[in-house]
Amino acid sequence: MLHLKSKLFAAGAVAIGVALAAVPATAEQFINVLTGGTSGVYYPLGVALSEIYGKSIKDVRTQVQATKASVENLNLLQQGKGEIGFALGDSVKAAWEGDTEAGFSKKLDKLRAIAAIYPNYVQIVAAKESGISSFTDLKGKSLSVGAPKSGTELNARAIFGALGMSYQDLGKTEYLPFGESVELIKNRQLDATLQSAGLGVASIKDLAVSLPITVVAVPADVAEKLGAPFQAATIPAGTYEGQSADVPTLAITNILVTNSDVSDDLAYEMTKQLFDNLDQMTAAHAAAKAISADSAAKGLPIPLHPGAERYYKEKGLM
């Protein structure tokens, strides 16, 4: 009798197994959104993107990862440790070319673009009491150029080179994230900070309301010397407390990047949901007002992901 019971139990277990197998499995997909420091623009936009994907893409679980931004994000994407990340256009170009000086040990051949998004503005801000009013006034002063080999730091290096200067001309070079740089200026331990970010970045807003600042111009001919993806731009008067005039500078387009291992369907959805929910992105940070599907597939230094390409073709944008 015991033997019969065990046979019946085994048969029942097999039947349940078959029944379960007949139910289609909904494989949960994971999206890790790679951003930047929490006081920059990438982070709030990444949080918004994560929420959009979590709500709008079926069977998806999302996570936001604060990083050192562009260079780290691109290396993580190559390694399959992220599904989408923010990066500066010049860093993306350097990654695709395998520029070791920029922090890439080899060509990152798995990188694929989702969209060109909004421009980063190079914003150099000094404490007014430092006496810095022009770029050459930085000589002998202390400047934070961003985290080592971050997109911001690569921008700083390029600008110094275009002006025939180097970090050796500074009194002291700090390699710090935005928030830490601002705290040092507030504590009179640092003269200036160079930040490559969307206009109205929280860190500089915080600094400008804490003490009088000078927004330092980047000479117009620097954009011509450096060429694409750098372009001449303006930080409009009133962007920060106490900034009474327009300030010329450089801009570099930011790109949302994925990797070739991400499925076409998921890349399509990540692209579609970004543009279907731009209002939510703009609510997270005003820099997102510049995001437009019309220009998102143009001027990219890496190939589009086929899933993203399908979206732009559907919309008649390619």
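Heads up: the structure comes first, above all this text.
Residues numbered from 1 in each chain as written. Predicted model: local features only at pLDDT ≥ 70, side-chain atom pairs only at ≥ 80, totals over all residues. Heavy atoms only, no water.

Student: Teacher, can you tell me more about the overall build of the protein chain here?
Tutor: For the protein chain, the count of helices and strands is eleven helices and ten strands. Its C-alpha atoms put the protein chain at 95 × 45 × 40 Å along the principal axes. Per-residue burial for the protein chain yields a buried fraction of 49% across its 318 residues. Contacts spanning at least 24 positions in sequence make up 75% of the contacts within the protein chain whose residues lie at least 6 apart. Split by element, the accessible area of the protein chain, about 14,200 Å² in all, is 53% carbon and sulfur. Across the protein chain, 28 positive and 32 negative side-chain charges occur, with their mean positions spaced 5 Å apart. (Helix = DSSP H or I, 4+ residues; strand = E, 2+ residues; numbered from the N terminus. Buried < 20%, exposed > 50% of the residue type's maximum accessible area, 1.4 Å probe, protein only. Contact = heavy atoms within 4.5 Å. Areas by Shrake-Rupley, 256 points an atom, 1.4 Å probe, with all protein chains shown as cover. Lys, Arg positive; Asp, Glu negative; His and termini not counted. Charge placed at Lys NZ, Arg CZ, Asp CG, Glu CD.)

Student: I'm lost on the side chain of Asn 73 in this one. Help?
Tutor: Assignment of secondary structure puts Asn 73 in helix 3 (residues 70-78). With residues up to four places along the chain from it excluded, the contact list for Asn 73 reads Leu 34, Thr 35, Thr 67 and Phe 86.

Student: Hey, could you run me through the pairing of strand 1 (residues 29-34) in this one?
Tutor: Sheet topology places strand 1 next to strand 2 (residues 60-65); six bridges connect them, and they run parallel. The residue of strand 2 that forms the bridge with Gln 29 is Val 60. Summarising the sheet, strand 1 and strand 3 (residues 84-88) pair through two bridges and their orientation is parallel. Residue Leu 34 lies in a different strand from strand 3, and its bridge partner there is Gly 85. (Pairing = 2+ DSSP bridges.)

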